[in-house]
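In case you want the letters, here they are:
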Amino acid sequence: MSQLEMNGLRAAFHADEDKYWIGLPSISCAACRVPHWIGEFFPVPPWRAAEAGADDGYLVLEWPEGFDLESLPIPRYALHRRTGRALIVTSRDTSSSFDIQMRYFAPQHGVPEDTATGSAMRVLATYWMNRDLNENLRALQCSPFGGELYSRIREDLTWVGGRVVAESREESRVS
């Protein structure tokens, strides 16, 4: 096992077959009421919610199994008037090889929608383990570019993994 440094934070790191894994301290996730203002951003309300981290942490919103998360609009700039938390939207997915689906929105932090985010997967690992899914998850990121993310909880670390695709700086500027 190796260590990876990201913005001054050291994290456990290892490669396993075709996936790369980062081990992050687990984060607690506590159920809360669905905020009354959610209807301003999403036409169909979620049926469960949970908070993780501080006031600038995460708000997890769960829709029923099979709900089309891609149908949800990206919450725009006005979200910052309601919360400092990034929104992680999720639902169970038993109709495919994935356990869950997810999207991540944080326009108040300059990220209208992240295409694949390990920090959200770290939160969802705890959220779904509390909802009786096991400690190993396979998630479909329902952003426009899609993606597969994996998680596994081992002792005090949540391991987040995925396949890495090399991209040149010129390619990333074009997209």
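Undergrad: Could you give an account of the state of the cysteines, with specific residues and numbers?
TA: According to the stated counting rule, one finds 0 disulfides in the structure shown. Left without a disulfide partner, Cys 29 is nearest to the cysteine sulfur of Cys 32, which lies 8.6 Å away. Look at Cys 32 and you get partly exposed, because its relative accessible area is 25%.

Undergrad: Describe in detail unusual backbone geometry, supporting the description with residues and values.
TA: The backbone of Glu 17 sits at a positive phi, close to 55°, despite the residue not being glycine. Take Glu 17: it is sitting in the loop between β2 (9–16) and β3 (19–25). With relative accessibility at 77%, the residue Glu 17 sits in the exposed group. We note that Asp 132 has phi near 75°; this positive angle belongs to a residue other than glycine.

Undergrad: Can you tell me about helix α1 (residues 118–130), naming the residues and giving the values?
TA: The first and last C-alpha atoms of α1 sit 19 Å apart over 13 residues, in line with the 18 Å expected at 1.5 Å per residue. The first or second residue beyond α1 is Asp 132, which carries a positive phi of 75°.

Undergrad: Go over the side chain of Thr 117 with me, naming the residues and quoting the values.
TA: Secondary-structure assignment places Thr 117 in the loop between β9 (111–114) and α1. Setting aside its immediate chain neighbours within four residues, Thr 117 contacts Met 102, Tyr 104, Gln 141 and Leu 149.

Undergrad: Could you give me a rundown of the packing of aromatic side chains, with the residues and numbers involved?
TA: To describe a pair of aromatic rings, you give the distance between the ring centres and the angle between the ring planes. Counted under the stated rule, the structure contains 7 aromatic pairs. On the numbers, 6.2 Å between centres and 40° between planes, the contact of Phe 42 with Phe 105 is tilted. With Phe 42 in the loop between β4 (29–32) and β5 (48–52) and Phe 105 in strand β8 (residues 100–106), this pair connects stretches of sequence that are 63 residues apart. There is no split in this pair, since Phe 42 and Phe 105 are both buried. Aromatic side chains Trp 63 and Phe 67 sit 5.8 Å apart centroid to centroid with 20° between the ring planes, which places their arrangement in the stacked category. As far as the burial class goes, Trp 63 and Phe 67 line up, both buried.

Cut-offs applied
Residues numbered from 1 in each chain as written. Predicted model: local features only at pLDDT ≥ 70, side-chain atom pairs only at ≥ 80, totals over all residues. Heavy atoms only, no water. Disulfide = S-S within 2.5 Å. Buried < 20%, exposed > 50% of the residue type's maximum accessible area, 1.4 Å probe, protein only. Helix = DSSP H or I, 4+ residues; strand = E, 2+ residues; numbered from the N terminus. Expected span 1.5 Å × (residues − 1). Contact = heavy atoms within 4.5 Å. Phe/Tyr/Trp six-rings, centres within 6.5 Å; stacked < 30°, edge-to-face > 60°.

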